[in-house]
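Listed here are the chains, written in short residue letters.
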Amino acid sequence: MSEQAYTSLASWWPVLSPPQDYDELAVLLMGVMQQGLTRPLKSFLELGSATGHLGSHVPEQIELVLNDIRPEMLEVSRALCPGREHVCGDLRTLNLDRRFDAVLIHDVLMYLLTPEDIEAAIQTAKRHLSPGGALLLVPDAVLETVQPGIAQGGGDSPDGRSARFLEWHHEPDAQGAFRVDFSFLLREANGEIHQVHDVHQLQAHPYALYERLLEEAGFELVDPGELAEVHGGLLILAKLTD
Ligand SMILES: C[S@@+](CC[C@H](N)C(=O)[O-])C[C@H]1O[C@@H](n2cnc3c(N)ncnc32)[C@H](O)[C@@H]1O
């Protein structure tokens, strides 16, 4: 696994996937977290927040802490989300010794390759939730829905850089493990273009695993209402019962 995408290419994410395109998604995810709460959402922790594209749309009056395992991603996020607290660390073991109304894990869970990793992520969320707090898990896919396919995108930045990418999601094995080949074409402001091939190993876990681990950890599943998924990602909303 190379994962240059989250290290040497970190500064390209605002070009590859423009943060302004995340406004509706951010509002929607905050609305879903609110559905899991019986009090107003005043604070949340985003685990695996990458370059802060969602966080950049969170209103100032909501306290938000952003976490990622890659310092390069957080450096970009600090510029996009000035004034927000950023914490570098593995979401499986993070312990900030404080609590939030909600925890969000969006588009990260497939990087956690084993059931033990998912359990550790749920325990991290639990450690950071106040009583009655809401946990919103948004895996890109689960074992029951994962499909081979391609995705593409890119953008043009006001700083003169442009970027395009193709993601090739290969056929998953029977357990839901699959490989994604990324091809990035990156054009510098001076017109120079370079190409990067990056390989990621991902895992689609069964829905029942999430259900079981959440219940064992003391969460109660909450129906996210008419919104069962966003952009292909499944919404798994749960509320801490103790
Ligand atoms: C696809 S990006 C996430 C995007 C972001 N959550 C969003 O919705 O815009 C995946 C991110 O997860 C981070 N990541 C992967 N494993 C992690 C872990 N164990 N702990 C914290 N972050 C992790 C990667 O560094 C990367 O920035």
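Nothing here was measured: the structure is a model prediction, and the numbers come from that model.

Comments concerning the overall build of the protein chain
- The secondary structure content of the protein chain amounts to five helices and 13 strands.
- Dimensions of the protein chain along its principal axes, counting C-alpha atoms only, are 55 × 45 × 35 Å.
- The buried share among the 242 residues of the protein chain stands at 38%.
- Relative to all contacts within the protein chain whose residues are 6 or more apart in sequence, the contacts with residues 24 or more apart total 64%.

What about the site of the ligand?
- The environment of the ligand is made up of 17 residues, and the closest members are Tyr6, Gly48, Ala50, Ile69 and Leu91.
- The class makeup of the residues in the shell around the ligand is eight nonpolar, four polar and five charged.

Looking at the sheet that holds strand S9 (residues 193-203)
- Across the sheet, four strands lie side by side as S6-S7-S8-S9; this open sheet has antiparallel pairing. Every interior strand has two partners, whereas the edge strands, strand S6 (149-156) and S9, have only one. Sheet twist, expressed as the mean angle between neighbouring strand axes with direction ignored, is 15 degrees.
- As judged from the 11 bridges shared by strand S8 (residues 177-187) and S9, these two strands associate in the antiparallel manner. Directly across from Phe178, in S9, lies its bridge partner Leu202.

Quick word on the domain arrangement of the protein chain
- Domain boundaries assigned for the protein chain yield domain 1 (4-142 + 206-240) and domain 2 (149-203).
- Each partner contributes to the interface: domain 1 provides 13 residues, whereas domain 2 provides 15 residues.
- Within the side of domain 1 that touches domain 2, the residues separate by chemical class into 11 nonpolar, two polar and no charged.

Points about the sheet that holds strand S3 (residues 85-88)
- Taken in spatial order, the seven strands line up as S3-S2-S1-S4-S5-S13-S10 in an open sheet, and their pairing is mixed. In this open sheet, the two strands that pair with only one neighbour each are S3 and strand S10 (219-222). Neighbouring strand axes in the sheet, compared pairwise and without regard to direction, differ in orientation by 20 degrees on average.
- Relative to strand S5 (residues 129-138), helix H4 (residues 115-127) is tilted by about 145 degrees, and along the sheet it contacts strand S4 (100-106), S5 and strand S13 (236-240).

Some words on the environment of Arg92
- Secondary-structure assignment places Arg92 in the loop between S3 and S4.
- For the pair Arg92 and Ala125, spaced 33 residues apart in the sequence, the C-alpha separation amounts to 9.1 Å.
- If sequence neighbours within four positions are ignored, Arg92 has contacts with Asp117, Ala120, Ala121 and Thr124.

Overview of the nonpolar core
- By size, the foremost hydrophobic cluster in this structure holds 49 residues, and its most contacted members are Met33, Phe44, Ala102, Val103, Ile105, Leu135 and Leu136.
- Top element by residues in this core is S5. It accounts for six residues.
- Apart from the residues lying within four places of it in its own chain, the contact partners of Leu135 are Val103, Ala125, Leu129, Phe219 and Ala238.
- Among the nonpolar cores identified, the runner-up in size contains 16 residues, and Ala50, Val76, Ala163 and Phe182 belong to it.

Points about the environment of Leu221
- By the element assignment, Leu221 lies in strand S10.
- Classification of Leu221 by C-beta neighbours within 10 Å gives partly exposed; the count is 14.
- Expressed as a C-alpha distance, the spacing of Leu221 and Leu112, which sit 109 residues apart in the sequence, is 21 Å.
- Leave out the neighbours within four places in its chain, and Leu221 touches Glu211, Leu214 and Ala238.

What about unusual backbone geometry?
- The residue Asp97 is not glycine, and still its phi comes out positive at about 55 degrees.
- Residue Asp97 is classed as exposed on the basis of its 6 C-beta neighbours within 10 Å.
- Residue Asp107 is not a glycine yet carries a positive backbone phi of 60 degrees.
- Mapped onto the elements, Asp107 comes out in the loop between S4 and H4.
- With 16 C-beta atoms counted inside 10 Å, the residue Asp107 sits in the partly exposed group.

Here we look at the pairing of strand S7 (residues 162-169)
- Where S6 meets S7, eight bridges bridge the pair, whose relative direction is antiparallel. Across the sheet, the residue bridging to Gly155 is Ala163, located in S7.
- Linking S6 to S7, which pair antiparallel, is a turn of five residues; within it Gly160 sits at a positive phi near 100 degrees.

So, how was this worked out
- Residues numbered from 1 in each chain as written.
- Predicted model: local features only at pLDDT ≥ 70, side-chain atom pairs only at ≥ 80, totals over all residues.
- Helix = DSSP H or I, 4+ residues; strand = E, 2+ residues; numbered from the N terminus.
- Buried ≥ 20, exposed ≤ 12 C-beta atoms within 10 Å, placed from the backbone.
- Contact = placed C-beta atoms within 7 Å.
- Near = placed C-beta within 6 Å.
- Nonpolar A, V, L, I, M, F, W, Y, C, P; charged D, E, K, R; others polar.
- Pairing = 2+ DSSP bridges.
- Axes fitted to C-alpha atoms, helices over the stretch in contact; angles between N-to-C directions.
- Domains from an automatic or database assignment.
- Core = buried A, V, L, I, M, F, W, Y, C linked by C-beta atoms within 7 Å.

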